[in-house]
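Examination of the molecular architecture
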Amino acid sequence: MQVRQATIEDLKKVQELNQMLFDWEVKAFNVPWNRNWPQENEQYFRTAITDTKKYLALVAEQNGKIVGYVISVIRDAPSYRTEKLFVEPENMFILPEFRGGIAAYRLVEKIKEWALSKNADYLKFSTQSANERMLSLFRKRGFKDHQVVLEMKL
Ligand SMILES: CC(C)(COP(=O)(O)OP(=O)(O)OC[C@H]1O[C@@H](n2cnc3c(N)ncnc32)[C@H](O)[C@@H]1OP(=O)(O)O)[C@@H](O)C(=O)NCCC(=O)NCCS
């Protein structure tokens, strides 16, 4: 299992995995995601891969086949915080048959390395509160529960 930065040749594959993420989340958590978003937003993936100052697009590869990805972004911290910069993994997906291996761990470690190299002050990610696997992955890698977001469907 190898983790590397995505290149523009990986664009379609990353977009495809993001589509799988949308479909999976809708099925798993009944969330109101627009399932056309991945096809309609090729530019987001293109930017994430090419704008390496702002984004880190990583792919996990097994025997030359891409089996997972994660896109992270570095942003200015909100002005009410004392810190300046934070890194946020925005979307991540590993093919079901490659879960439970070393891929997720390596991807998270690479994000941490990148965040440190960028002098970011903190890392942040959010996910569905029911996504125990994602929460467990990040908690075990040093993330602490910080904020809780409540929503009410109207
Ligand atoms: C989230 C995801 C990237 C994690 O990758 P993974 O290979 O499954 O990660 P791991 O196997 O290391 O699982 C993380 C931890 O959760 C635990 N876990 C596995 N299944 C679990 C479950 N159903 N409930 C709670 N914890 C679970 C694992 O044991 C592991 O803990 P460990 O490090 O002590 O072994 C992957 O599961 C995935 O692609 N899920 C679907 C997409 C998704 O949820 N993306 C995130 C939303 S943006």
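Our subject in this report is the structure included herewith. All values reported here derive from a predicted model rather than from experimental measurement.

Running from N to C, helix α1 (residues 11-29) and helix α3 (residues 42-50) point in directions that differ by 120°, and their axes come no closer than 10 Å. With respect to α3, the axis of α1 lies oblique. Crossing handedness for the pair α1 and α3: right-handed. In this structure, α1 uses Leu11, Val14 and Gln15 to contact α3, whose residues at the interface are Glu42, Phe45, Arg46 and Ile49. Of the residues in the contact of α1 with α3, the class split is four nonpolar, one polar and two charged.

Turning next to the site of the ligand. Around the ligand there are 20 residues in total, and Arg99, Ala104, Glu132, Ser136 and Leu137 lie nearest to it. Within the residue set of the shell around the ligand, elements represented by two or more residues are α1, β4 (85-94), α4 (103-117) and α5 (132-140). In terms of residues, the shell around the ligand owes the most to one element, α5, which gives six residues. Partitioned by chemical class, the residues of the shell around the ligand number ten nonpolar, six polar and four charged.

Here is what the cut-offs are and how they apply
- Residue indices follow the written sequence of each chain, beginning from 1 at its first position.
- Totals for whole chains, interfaces and linings use all residues, but because this is a predicted model, local features are given only for residues with pLDDT of at least 70 and pairs of side-chain atoms are given and counted only at 80 or more.
- Between N-to-C directions, angles span 0 to 180 degrees; the directions come from axes that are lines fitted to C-alpha atoms, helices contributing only their stretch in contact.
- Here a helix means four or more residues in a row that DSSP labels H or I, a strand means two or more in a row labelled E, and each is numbered from the N terminus.
- By the definition adopted for this analysis, an angle is roughly parallel if under 35 degrees, roughly antiparallel if over 145, roughly perpendicular if from 65 to 115, and oblique otherwise.
- By the definition used in this description, the sense in which the near helix is turned from the far one sets the handedness, with an anticlockwise turn below a right angle giving left-handed and a clockwise turn giving right-handed.
- Contact between residues is assigned whenever the C-beta positions, reconstructed from backbone atoms, fall within 7 Å.
- Throughout, the ten residues Ala, Val, Leu, Ile, Met, Phe, Trp, Tyr, Cys and Pro are labelled nonpolar, Asp, Glu, Lys and Arg are labelled charged, and all others, Gly among them, are labelled polar.
- Defining nearness, a residue is near a molecule or strand when the C-beta atom obtained from its backbone falls within 6 Å of it.

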